[in-house]
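Coordinate analysis (summary)
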Amino acid sequence: MSMIAAFYSNKSVLITGATGFLGKVLMEKLFRTSPHLKVIYILVRPKSGQTLQERVFQILNSKLFEKVKEVCPNVHEKIRPISADLNQRDFAISKEDMQELLSCTNIIFHCAATVRFDAHLREAVQLNVIATQQLLLMASQMPKLEAFIHISTAFSNCNLSHIDEVIYPCPVEPRKIIDSMEWLDDSIIDEITPKLIGDRPNTYTYTKALGEMVVQQESGNLNVAIVRPSIVGATWQEPFPGWVDNLNGPSGLIIAAGKGFLRSIKATPMAVADLIPVDTVVNLTIAVGWYTAVHRPKSTLIYHSTSGNLNPCNWYKMGLQVLATIEKIPFESAFRRPNADFTTNNFTTQYWNAVSHRAPAIIYDFYLRLTGRKPRMLKLMNRLLRTISMLEYFINHSWEWSTNNTEMLLSELSPEDQRVFNFDVRQLNWLEYIENYVLGVKKYLLKEDLAGIPKAKQHLKRLRNIHYLFNTALFLIVWRLLIARSQMARNIWFFICPMYL
Ligand SMILES: CCCCCCCCCCCCCCCCCC(=O)SCCNC(=O)CCNC(=O)[C@H](O)C(C)(C)COP(=O)(O)OP(=O)(O)OC[C@H]1O[C@@H](n2cnc3c(N)ncnc32)[C@H](O)[C@@H]1OP(=O)(O)O
Ligand SMILES: NC(=O)C1=CN([C@@H]2O[C@H](COP(=O)(O)OP(=O)(O)OC[C@H]3O[C@@H](n4cnc5c(N)ncnc54)[C@H](OP(=O)(O)O)[C@@H]3O)[C@@H](O)[C@H]2O)C=CC1
């Protein structure tokens, strides 16, 4: 019997960010391994015209939850959605709901965050810092609370190259930043943002670092732990391989490469690609919840959920495997044949952006205009290039994360728990994982049927023929222009193919 699964039986768990990528997998795993869990409270806001109930219904009826329904048929009775907006005072939770949360919650998993790299500092501080502070305050009023697990990111200190499982202070205290957000207007915040974030690349990593400081400073007597995942990717094993449902991290770029939009990217091929499967992060998080509640460590422990120091993979190997898989299992209706290269300096990056990205987009838009349709490809390409420019920092640096606490926790687990809540990334076979990831992107993100693969292959053949035709025509035009100007070129031309002239 798994000790961890038994621990969660009869417990009331509160999850923020349960509708997000990580939150959904966390909920799924908790229900599947601890079907006798009492209740999971989730703080949800209505979104995109959907009510809370509709959002929860959609999650429970997704493929991700198919296995759960077999093990825990009354799962819908055990999820208790609470209407909440983490940007509002007291999260805009009703008095009755708040009372229930305060009196019943045993474990909190705080996953909600804005993960956008371009979020305005005010917005990022509100969600990643102030909401964390408010949740800690709520937690301090929960008499039955056993553990508070905060999900941060391994990149919260990405301005350092070696990162230990400790909290590194930011120069300006979070309280001062929070106070200043109240009276500074947006234009002044815009001006001071670069100074505040310093050598971090964006407001996301900066505010996640501030969030950790808040956890350290304001957790009082609570039993707190922090989990820091690196780049979270599709599931490795559970509930099935390759599940992913958003474009963040590598997923969007896999689509862009597979559809032939992304043909080159500025990346350091030998830099470590520190991906971590979402189910690995979730298994560690659940184990951390158990360990923090049962063993009550004296200080706040931080756990790195990273792969680089135990089982490293680099961007070159990852890129090759992505392309090899796409060749076997192509995506439908590709714009160009998938073939992405890594560039290593700004000049070649700009050159290939012009030649391989913008020029084909302009030509395609011209074709759309000629056929009476609205041009759209250049706009799309420019957005893709903007996105890539924001991700570049993470594919051109390498970090070393120490994983002593994570390894310590693994050694504390019984063999059964090590199997059920496996977070030993040394067992991960990268080639197999990436293949399943690409297949998952095709199935669950693009919603493409595998029966369409022969048609997709035919489409790629057609694109290859167009590519050859286009290149031949271009070559002939250039030569034709050249021989009009150079005697030597003319002589060669007449010698090789006189019949064309
Ligand atoms: C050879 C091949 C090699 C392939 C493999 C290489 C893999 C490299 C992967 C590097 C990943 C590095 C990630 C580092 C993560 C740090 C970890 C964390 O803690 S943080 C957690 C991780 N956090 C993140 O990853 C957040 C990153 N994302 C953002 O911050 C924002 O989406 C944005 C600022 C980039 C764009 O904002 P904005 O324009 O206002 O609006 P929207 O947001 O609404 O999206 C607009 C358009 O962009 C599209 N799209 C979106 N994402 C991607 C993508 N990754 N990619 C491509 N496309 C993407 C989207 O489809 C849409 O298209 P369309 O509708 O126009 O056609
Ligand atoms: N994905 C990654 O690569 C990594 C993620 N992390 C961390 O993991 C955690 C989860 O990330 P991930 O699941 O990928 O992110 P998602 O963007 O998929 O999910 C974010 C969650 O936060 C919720 N949320 C955002 N704003 C509010 C609000 N105002 N009120 C209530 N809920 C809100 C979202 O709800 P809604 O559905 O309503 O928008 C959603 O459930 C974050 O803390 C992130 O920093 C760390 C490292 C890497």
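This text follows the structure it describes.
First, a word on scope: everything that follows refers to the structure included in this document. Each chain has its residues counted from 1, following the order in which its sequence is written. The order in which chains are written sets their letters, starting at A; the order in which ligands are written sets their numbers, starting at 1. The predicted origin of the model limits local features to residues at a pLDDT of at least 70 and limits the giving and counting of side-chain atom pairs to 80 or more, whereas totals for whole chains, interfaces and linings rest on all residues. To obtain the side-chain values, all non-hydrogen atoms of the structure were included, while hydrogens and water were left out.

Digging into the overall build of the protein
Quick note on the threshold: Strands here mean DSSP runs of E at least two residues long; helices mean DSSP runs of H or I at least four residues long; both are numbered from the N terminus. As defined in this context, the radius of gyration uses C-alpha atoms, and a globule is described by 2.2 Å times the residue total to the power 0.38. When a residue's accessible area, from a 1.4 Å probe over protein chains only, is under 20% of the maximum for its type it is buried; when over 50% it is exposed; and in between it is partly exposed. Contacts: residue pairs with any heavy atoms within 4.5 Å of one another. Here the open area of atoms and residues is found with the Shrake-Rupley method and a 1.4 Å probe, where only the protein chains shown may cover a residue.
Each helix and strand in the protein was counted, giving 20 helices and 13 strands. Taken over the C-alpha trace, the protein has a radius of gyration of 26 Å; the compact-globule value for 501 residues is 23 Å, and the two agree within 12%. Reported as C-alpha extents along the three principal axes, the dimensions of the protein are approximately 90 × 55 × 45 Å. Within the protein, the fraction of its 501 residues that count as buried is 54%. Of all intrachain contacts in the protein linking residues separated by at least 6 positions in sequence, the fraction that spans at least 24 positions is 83%. In the structure as shown, the protein presents an accessible area of about 23800 Å², 56% of it carried by carbon and sulfur atoms.

Section: the site of ligand 2
Definition in use: Put simply, a residue is near a molecule or strand once any heavy atom of it comes within 4 Å of that molecule or strand. A 3.5 Å cut-off defines polar contacts: any pair of N or O atoms within that distance qualifies, except that in protein one atom must be a possible hydrogen donor and the other a possible acceptor, and neighbouring residues in sequence count only when both atoms are side-chain atoms. Classification used: nonpolar for Ala, Val, Leu, Ile, Met, Phe, Trp, Tyr, Cys and Pro, charged for Asp, Glu, Lys and Arg, polar for all others including Gly.
The environment of ligand 2 is formed by 26 residues, the closest being Thr 19, Lys 47, Arg 55, Tyr 204 and Lys 208. Between ligand 2 and Phe 21, the relevant distance is 2.9 Å, taken from an oxygen atom to a main-chain nitrogen or oxygen of the residue. Contact between ligand 2 and Asp 85: a nitrogen atom at 2.9 Å from a side-chain N or O atom of the residue. Out of a free accessible area of 890 Å², ligand 2 has 90% covered by protein chains. Sorting the residues of the shell around ligand 2 by element identifies helix H2 (21–33) and helix H10 (203–218) as the ones contributing at least two each. Taken together, the residues of the shell around ligand 2 sort by class into 13 nonpolar, eight polar and five charged.

Quick look at the sheet that holds strand E4 (residues 107–110)
Filter applied, for reference: Two strands qualify as a pair provided that DSSP identifies no fewer than 2 bridges between them. To get an axis, a line is fitted to the C-alpha atoms, and for a helix only the part in contact is used. The angle between two axes follows their N-to-C directions and goes from 0 to 180 degrees.
A sheet is described by the order of its strands in space; here seven strands give the open sequence E3-E2-E1-E4-E5-E7-E11, paired in parallel fashion. This sheet does not close on itself; its edge strands, each paired only once, are strand E3 (79–83) and strand E11 (301–305). If you compare each strand with its neighbour and ignore which way they point, the axes differ by 20° on average. Pairing geometry for strand E2 (residues 39–44) and E3, over five bridges, is parallel. Paired with Leu 43 across the bridge in E3 is Ile 82.

A short note on the pattern of salt bridges
Operational definition: The term salt bridge refers to a side-chain nitrogen of Lys or Arg lying within 4 Å of a carboxyl oxygen of Asp or Glu.
Within this structure, the stated rule accounts for 18 salt bridges. We note a salt bridge from Arg 32 to Glu 28, for which the minimum N-O separation is 2.7 Å. On the criterion of helical spacing, the pair formed by Arg 32 and Glu 28 is a turn pair, its members being four residues apart in helix H2. For Asp 186, the salt bridge goes to Arg 122, with nearest N and O atoms at 2.9 Å. Taken together, the residues Asp 186 in helix H9 (residues 186–197) and Arg 122 in helix H7 (residues 121–139) connect sequence positions 64 residues apart. What makes Arg 122 partly exposed here is its relative accessible area of 27%. Because the salt bridges share partners, they merge into one network encompassing Glu 28, Lys 29, Arg 32 and Glu 238.

Section: the side chain of Thr 153
As for its position among the elements, Thr 153 is in the loop between strand E5 (147–151) and strand E6 (162–163). Of the polar contacts made by the side chain of Thr 153, one reaches the backbone nitrogen of Phe 155; its length is 2.9 Å. Aside from chain neighbours lying at most four places away, what touches Thr 153 is Tyr 204, Lys 208, Glu 212, Arg 228 and Pro 229.

Concerning the packing of aromatic side chains
We count it as follows: Any two of the Phe, Tyr and Trp rings considered here, Trp counted by its six-membered ring, make a pair once their centres fall within 6.5 Å; the pair's planes then place it as stacked at under 30 degrees, edge-to-face at over 60, or tilted in between. Both a distance and an angle decide whether a charge sits over a ring: NZ of Lys or CZ of Arg must be within 6 Å of the ring centre and within 35 degrees of the ring normal.
Under the criterion given, the structure shown has 20 aromatic pairs. Ring plane angle 25° and centroid distance 5.3 Å describe the contact between Phe 117 and Phe 394, whose orientation is recorded as stacked. Placement of the pair is Phe 117 in the loop between E4 and H7 and Phe 394 in helix H15 (residues 377–395), with a sequence separation of 277 residues. On the basis of relative accessible area, Phe 394 is assigned to the buried category, the value being 8%. Ring pairing ties together the aromatic residues Phe 117, Phe 155, Tyr 204, Tyr 393, Phe 394, Trp 399 and Trp 401, which thus form one cluster. When the ring centre of Phe 7 is taken as origin, the NZ or CZ atom of Lys 11, which lies over that ring, is 4.5 Å away.

Observations regarding the site of ligand 1
In the region of ligand 1, 26 residues are neighbours, and Arg 116, Phe 117, Thr 153, Tyr 204 and Leu 247 sit closest. Phe 117 places a main-chain nitrogen or oxygen 2.9 Å from an oxygen atom of ligand 1. Protein contacts shield 82% of the accessible area of ligand 1, which totals 1300 Å² for the unbound molecule. At the level of secondary structure, the elements contributing two or more residues to the shell around ligand 1 comprise helix H11 (250–258), helix H13 (315–328) and H15. Here the residues of the shell around ligand 1 sort into 15 nonpolar, seven polar and four charged.

Considering H2
Filter applied, for reference: An expected span of 1.5 Å times one less than the residue number is assigned to each helix.
With 13 residues, H2 should cover 18 Å at 1.5 Å per step; its first-to-last C-alpha distance of 19 Å lies within 8% of that length. For H2, the tally of buried residues reaches 13 of 13 residues, placing the bulk of the element in the interior.

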